[in-house]
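Coordinates in review
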Amino acid sequence: MRVLGISGSLRRDSHNTTLLRAAGELVEEQGVEFEVFDGLKAIPPYDEDDDVGIGPAAVARLRRAIAGADAVLFATPEYNSSIPGVLKNAVDWASRPLTTSPLRNKPVAVIGASTGMFGAVWAQAELRKVLGATGARVTEVELAVGHAHEHLDQEGHLADLAQEEALRDSIRVLLAELEKAEVPALGGVI
Ligand SMILES: Cc1cc2nc3c(=O)[nH]c(=O)nc-3n(C[C@H](O)[C@H](O)[C@H](O)COP(=O)(O)O)c2cc1C
């Protein structure tokens with residue numbers, strides 16, 4: 001089994017990428033492979049005219065990475081109370097074509113961190129909504145790391161033990177979803 005991690009931040013020292021890597025170590029402790037997708041920056045802005053065949057190379061790579069994973073774990077920052085554009089753009093590409101989208105029926109979980117007080121809760125909520133619209137199986141996972149520059153060190157250790165446990169719980173919930181039998185997707189909203 002394999003979990004793909006996608007960070008919504010392109011920043012070299014991103015708190016979300018750090019959090020994602022820490023989550024990945026917990027995934028690997030359970031004997032499940034984990035890989036962070038590193039191609040977000042190369043993905044062009046969504047253009048339906050370019051969405052033919054396998055699409056642009058960077059998009060084909062994203063779709064292949066999602067298709068090859070049993071689950072996807074997202075860690076997102078919050079930009080102006082919402083999902084960073086690069087991440088929303090990537091999800092839009094991955095959501096098409098609707099009937100064969102690699103996100104369809106895929107177990108996904110969303111966690112996040114921000115330097116603000118609320119730990120990207122709005123961005124996370126919006127990302128869950130968007131993923132639900134793609135037909136992904138959005139798990140009931142919540143982890144909002146606020147004041148990330150103070151509460152998360154460079155190795156991904158969380159200062160708050162309750163949050164450390166919440167991260168472990170998040171991984172447990174996501175991996176438990178993999179064990180469940182596949183259920184028919186409700187389908188997208190469009
Ligand atoms: C354009 C922009 C908008 C932001 N808006 C918010 C926001 O609405 N809420 C928040 O908590 N932090 C906001 N921040 C601060 C981010 O939480 C902070 O930069 C964080 O470190 C980004 O995540 P990263 O470390 O993974 O790159 C914003 C940052 C940028 C660059």
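Before going into details, it helps to say that this report is about the structure given with it. Keep in mind it's a predicted model, so treat the numbers as computed, not measured. (Residues numbered from 1 in each chain as written. Predicted model: local features only at pLDDT ≥ 70, side-chain atom pairs only at ≥ 80, totals over all residues. Heavy atoms only, no water.)

**Things to note about the overall build of the protein**
Definition in use: In this description a helix means any DSSP run of H or I spanning at least four residues, a strand means any run of E spanning at least two, and both kinds are numbered starting from the N terminus. Note on method: radius of gyration uses C-alpha positions; expected globular size equals 2.2 Å times residues raised to 0.38. Burial classes follow relative accessibility: with a 1.4 Å probe on protein chains only, a residue under 20% of its type's maximum area counts as buried, one over 50% as exposed, and anything between as partly exposed. Every residue pair with non-hydrogen atoms within 4.5 Å of one another is taken to be in contact. Residue-level accessible areas treat just the shown protein chains as cover; the underlying method is Shrake-Rupley with a 1.4 Å probe. We count Lys and Arg on the positive side and Asp and Glu on the negative side, and we leave His and both chain ends out. For charged residues, the charge sits on one atom: NZ in Lys, CZ in Arg, CG in Asp, CD in Glu.
Helix and strand counts for the protein come out as six helices and six strands. Secondary structure of the protein in N-to-C order comes out as β-α-β-α-β-α-β-α-β-β-α-α. Compactness check: the protein gives a C-alpha radius of gyration of 16 Å against a globular reference of 16 Å for 190 residues, within 12% of the reference. Projected onto its principal axes, the C-alpha positions of the protein cover 45 × 35 × 25 Å. In the protein, buried positions account for 52% of the 190 residues. Looking at the protein alone, contacts between residues at least 24 apart form 78% of all its contacts between residues at least 6 apart. Accessible surface, the protein as shown: approximately 9,600 Å² in total, 51% of it carbon and sulfur. Averaging the coordinates of the 18 positive side-chain charges in the protein and doing the same for the 28 negative ones gives two points 5 Å apart.

**Comments concerning a negative patch on the surface**
To keep it simple, the criterion reads: A patch consists of residues exposed above 30% relative accessible area that lack any salt bridge, with like charges linked at up to 9 Å and nonpolar side chains (Val, Leu, Ile, Met, Phe, Trp, Tyr) linked at up to 5 Å. Every case where a carboxyl oxygen of Asp or Glu lies within 4 Å of a side-chain nitrogen of Lys or Arg is listed as a salt bridge.
Together, Asp47, Glu48, Asp49 and Asp50 make up a region of like negative charge exposed at the surface. With respect to the secondary-structure elements, Asp50 resides in the loop between strand S2 (33-36) and helix H2 (57-67). The class for Asp50 is partly exposed, based on a relative accessible area of 38%.

**A short note on a nonpolar patch on the surface**
Where nonpolar side chains cluster on the molecular surface, the patch consists of Met117, Phe118, Val121 and Trp122 and spans about 420 Å² of accessible area. Mapped onto the elements, Val121 comes out in helix H4 (residues 121-134).

**Looking at the side chain of Asp51**
Counted only if it meets this: Any pair of N or O atoms that falls within 3.5 Å is considered a polar contact. Within protein, one atom must be able to donate a hydrogen and the other to accept it, and sequence-neighbouring residues count only if both atoms are side-chain atoms.
For Asp51, the location among the structural elements is in the loop between S2 and H2. Among the residues examined, Asp51 registers a relative accessible area of 16% and is labelled buried. A polar contact of 2.7 Å, which involves the side chain of Asp51, links it to the side chain of Tyr46. Not counting chain neighbours up to four residues away, the residues in contact with Asp51 comprise Tyr46, Arg63, Trp93 and Arg96.

**So, the pairing of strand S4 (residues 107-113)**
Every other side chain in a regular strand lies on the same face of the sheet, so the side chains alternate between the two faces. Stated precisely, the cut-off is as follows: Looking down the strands as they point away from the viewer, one classifies a crossover as right-handed if the path from the first strand across the helix to the second runs clockwise. Being paired, for any two strands, means DSSP has found at least two bridges between them.
With seven of seven residues buried, S4 is to be regarded as a mostly interior element. Alternating positions in S4 separate into two faces, Pro107, Ala109, Ile111 and Ala113 on one and Val108, Val110 and Gly112 on the other, with burial throughout. Regarding topology, helix H3 (residues 85-94) serves as the crossover connection from strand S3 (residues 71-76) to the parallel S4, and that connection is right-handed. Relative to strand S6 (residues 144-145), S4 runs parallel, the two sharing two bridges. Directly across from Gly112, in S6, lies its bridge partner Ala144.

**Observations regarding the site of the ligand**
Going by this rule: Being near a molecule or strand, for a residue, means having at least one of its heavy atoms within 4 Å of it.
Neighbouring the ligand are 13 residues, the closest being Ser9, Arg11, Ser14, Asn16 and Ser81. Here Glu78 contributes a side-chain N or O atom positioned 3.0 Å from a nitrogen atom of the ligand. Coverage of the ligand by the protein amounts to 69% of the 620 Å² it exposes when considered alone.

**A word on the packing of H3 against H4**
Keep this limit in mind: Helix axes are fitted only over the stretch in contact, all axes being lines through C-alpha atoms; the angle between N-to-C directions runs from 0 to 180 degrees. Throughout, the term roughly parallel applies to angles under 35 degrees, roughly antiparallel to angles over 145, roughly perpendicular to angles from 65 to 115, and oblique to all others. Residues were grouped as follows: Ala, Val, Leu, Ile, Met, Phe, Trp, Tyr, Cys and Pro as nonpolar; Asp, Glu, Lys and Arg as charged; and all remaining residues, including Gly, as polar.
Between H3 and H4, the shortest axis-to-axis distance is 10 Å and the interhelical angle comes to 10 degrees. Taken together, the axes of H3 and H4 are roughly parallel relative to one another. Note on element contacts: H4 touches H3 through Leu127, Val130, Leu131 and Thr134, opposite Leu87, Lys88 and Val91. Tallied by class, residues from the contact of H3 with H4 come to five nonpolar, one polar and one charged.

**Details of the packing of aromatic side chains**
This is how it is decided: Centre distance within 6.5 Å is the pairing criterion for rings of Phe, Tyr and Trp, where only the six-membered ring of Trp is used; planes under 30 degrees apart are then read as stacked, over 60 as edge-to-face, and the remainder as tilted.
Following the criterion strictly, the structure yields two aromatic pairs and no others. Seen in terms of ring centroids, Phe118 and Trp122 are 5.5 Å apart; in terms of plane orientation they differ by 70 degrees. Their pairing is edge-to-face. The partly exposed category is assigned to Phe118, whose relative accessible area is 46%. With relative accessibility at 43%, the residue Trp122 sits in the partly exposed group.

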